[in-house]
Amino acid sequence: MEKNKFKISKINLVLPSLLSPIMAFLLVLLLALLSSPSIVSAAGNAFKPADEFLVNCGAKNLASFPDGRIFKTDKEAQGYLQTKQDILVSIPSANVSSPLYLSARIFKEEATYAFKLKSAGWHWVRLHLFPLNNTEFDLRTATFSVNTDKYALLHNFNTNNDTQAVLKEYLINMTDPNFSIHFIPLKNSAAFINAIEVVSAPDILISDQATNLFPVNNFAGLNNFGYEVVYRLNMGGPLITSENDTLWRRWVPDKPYLKHEALAKSASVPTSSIKYGPGISSLIAPATVYASAEQMADSETRIQNFNLTWNFVADATFSYVVRLHFCDIVSKSLNDLYFNVYLNGKMAISGLDLSSIKDELAVSYFKDFVVDASLMSNGLAVEVGPMGDETGTRNAILNGLEVFKMSSKVNSLDGVFGVDGKMLENHKAVVYVGFGLMFGAFVGLGAMLLKWHKRPQDWQKRNSFSSWLLPVHAGDHSFMSSKTSLGSHKTNFYSSTLGLGRKGLLEKIIDPCLVGTINPESLKKFAEAAEKCLAEHGVDRPTMGDVLWNLEYALQLQEAFSKGKAEDESKLSAAVADSPVAVIDDHSGTAMFSQFSGLNGSHQEQNSLSISWKILNSGASMLCADFDLSAKRMENFNKSSLITGRDLFDL
C-alpha cells in the first residue's frame, strides 16, 4: 500500500512536466483549426473548399477581413491575370462594408482572369464592384460586360452613377479544370473590378430536382444551369454577414420587401434550439436563419383573411429558383400550425405542417420551386397565409428566402445574348415585329416629310396640314390620332418591345457587334419618340413637330458620338434649341415646317429631301442596331428596292 502511494505521488510529480508540452501542442493545434479555411457548421458539418481563389484587385498590401479570410494582393495574383494594362487605383477610406472596396483594377481593353481548378462541381463566383473616385476614369459611368467561357454574367453593366458597392454573386457548376472570367469594356469606356472570389461550394447546396410551380410537377436538371443569387433574406432576424455564415454568405433583413409591414410580427428563439431535419445541415442555411421568422400579427383579431406578402423586382427574361426556408419556432404543440404558401398568386404548398417532418418543433426545412419566366412579368410575389379550414392556430410563418436567377437557353444571366452572340429565340420574334412596327411608323414620317414638298399653295388657309398631308384626317391634336391608324393598335409586341425602354433594357438587346457604335442617349431618344407615336390614345401622341424635333435631336447626338466629339449634352440641347427646327409652339406643325416655306428651287428641295432621308435612315439604322439586325444586313436593306425616295413620293 505504501509502495502504491509512492508510485502515485511520483506520477503526480511527473505529470505537470509532461502535460506542459502536450498542452502547448494542443493549443497550437486548436489555433490552427480555428484559423483554417475549413468551415465548421453549427450542426457539426465541416466543409473545406478544394478551390479558394481570393483576389483583392488593385491592393498593394494585405488587409485583415472580419471573416478571417486572406485575399491575395494584386501582385500576388498576377499569375491569374492576362492583360496588357496595369491600371491600379486605391483610396484611403470610404463608406463601404469591407476593405475590399478601397482598391480596384481598371481595364480599357479586354482582360481575363484565368484559374486552374483542383476539383469539379459547384463553385461560388463573387464579383465585388465599387466605383471609387480616381484620376484614371470615372467608374460611375463605366460600361462593360463580364463573361466566363460559357456564361454571360453581366451585359453592358454600369452603376448608373450610383456610388454604392455592388456584390454580384453566382453559383456555377464547373466541369472544366480551366475557368476564366473576361472583362470587356464598351467602346470608349472601361471595365473595373475590386475583388474576385472563386470558391468551391458543397454539392448538397443545389439538388438536381425541384418542384415546378405551374403546373405543379417535378422539375429535373437543375445541375445544367448557372445561377445568380438575386435575393437572400433572413425573415424576422438581423443582418447575417460572412463572419456568421457557414459559406461566407450575406443574409439581409426582410422588412424592405414586406408589402404591409404592420401585418407581420417577428419571432425568434436561441440558435441552440434549432434542429436540422433529414438531409439538411447548416451548409444549406445557418441556424440564425431558422431561429427567426415573420409571422402574422394579431391574426385572430385584426383581419380574419390576409396573407403576409413580400414583393421583389425580377427580370421577366429569366426563370428563377425560389428556395423557401421554414422552421416552426412559434407553435406550442405539435400539429397546431397549418398554412399555405403562394408564389405569384399560385398555390405552391397547401396545408404545410412543419411539425410532421420529424414529429418535433423547431426542425429546419426548405423547399425549392422553379418559377417560369412566363410567370415573372410583374416580378415575384411570395405569400404565406393560414388555411381556410378551421385547423389549429390561424397563423403562417416564413424563416428565410433565397431567389436564384437561372441561366437562359443561350447561357446568359444578364440580357438576351450569349457569349457567342446568339440571341434568345422568343425575343427575336418580338424585336423583329417591333422593328417592323417602329420602322413602319418612320416610313410614314418620311412619306409625310416628302409629301410636304408637294403641299398646295393655299395650305396656310387650311385648319391643319394634316387634312392634306395625312391619309386620315388627324385634326390639330396629334400625329396619327385616328383609331384606324398604326398607333391605335396596342399589341403584345408593343408592350414587350417598346416597354424595354421603360425598363432600361434597350442596351440589353443591342447586337454585340454594334455595341459602342450607337450613342445610348441617341438610342433612348429615338425609342422614346417611337413609343410616343404608338400611344393608345390620340391625345397622348406627339405632334409632327415634336416627333421631328426629337428625331433631329437624336440624329445630332449620334453624329456627335460618331465623330468622337465630347460635347456636353446641355450645350448640344442649346444648339438644337437655337435652330429653326426646335421652335415648336402649336399642334398644327406649322412652326416646325416654317423653315421650308421659302424652298422653291430644285437645289433647295434636294437639300431638304436629303435631310428627310438622313433622318429616316439614321432612325432605321438605330432601330436595326436595337433589334439585332446586323450592319451588313442594314446596308443591303438600304441598297435594295424595297423602298426608295421615289416610292415615298408616290405615297
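Look up a bit, the structure's there.
Residues numbered from 1 in each chain as written. Predicted model: local features only at pLDDT ≥ 70, side-chain atom pairs only at ≥ 80, totals over all residues. Heavy atoms only, no water.

On to the pairing of strand β7 (residues 111-116), then. Sheet topology places strand β4 (residues 81-82) next to β7; 2 bridges connect them, and they run antiparallel. Residue L81 lies in a different strand from β7, and its bridge partner there is Y113. (Pairing = 2+ DSSP bridges. Helix = DSSP H or I, 4+ residues; strand = E, 2+ residues; numbered from the N terminus.)

A few words now on the pattern of salt bridges. Pairing between side chains of opposite charge can happen when the charged atoms of each approach one another. Per the counting criterion, the structure on display carries 14 salt bridges. Residue R140 is joined to D138 by a salt bridge in which the shortest nitrogen-to-oxygen separation is 3.1 Å. Residue R140 is classed as partly exposed on the basis of its relative accessible area of 33%. When the shortest N-O distance is used, the salt bridge between D245 and R249 registers 2.8 Å. As far as burial versus exposure is concerned, D245 and R249 are alike and both buried. (Salt bridge = Lys/Arg side-chain N within 4 Å of Asp/Glu carboxyl O. Buried < 20%, exposed > 50% of the residue type's maximum accessible area, 1.4 Å probe, protein only.)

The next thing to look at is the nonpolar core. Core analysis: the biggest nonpolar cluster contains 54 residues, and Y290, W310, L324, F326, F339, V382 and L401 have the highest contact counts within it. It is strand β22 (residues 320-326) that contributes the most residues to this core, 4 residues altogether. Once you skip the residues sitting within four places of it in the chain, W310 turns out to touch M235, D254, Y257, L258, E294, L380, A381, V382, V384 and L398. Within the second largest apolar cluster, 45 residues are counted, among which are V89, Y113, L129 and A190. (Core = buried A, V, L, I, M, F, W, Y, C linked by side-chain atoms within 4.5 Å. Contact = heavy atoms within 4.5 Å.)

Turning next to the sheet that holds strand β27 (residues 397-398). Taking strand neighbours across the sheet as the criterion, the 3 strands line up as β19-β20-β27 in an open arrangement whose pairing is antiparallel. The sheet is open, and its two edges are formed by β19 (264-268) and β27, each paired on a single side. In this sheet, strand β20 (residues 292-296) lies alongside β19 in antiparallel orientation, the contact comprising 5 bridges. Along β20, the bridge assignment pairs A264 with M296.

Checked against the element boundaries, Y365 lands in strand β25 (residues 365-371). In this structure the C-alpha to C-alpha distance between Y365 and I284, which are 81 residues apart in sequence, comes to 9.8 Å. Filtering out sequence-adjacent residues up to four positions away, Y365 remains in contact with I280, Y290, L324, H325, F326, L352, L354 and I357.

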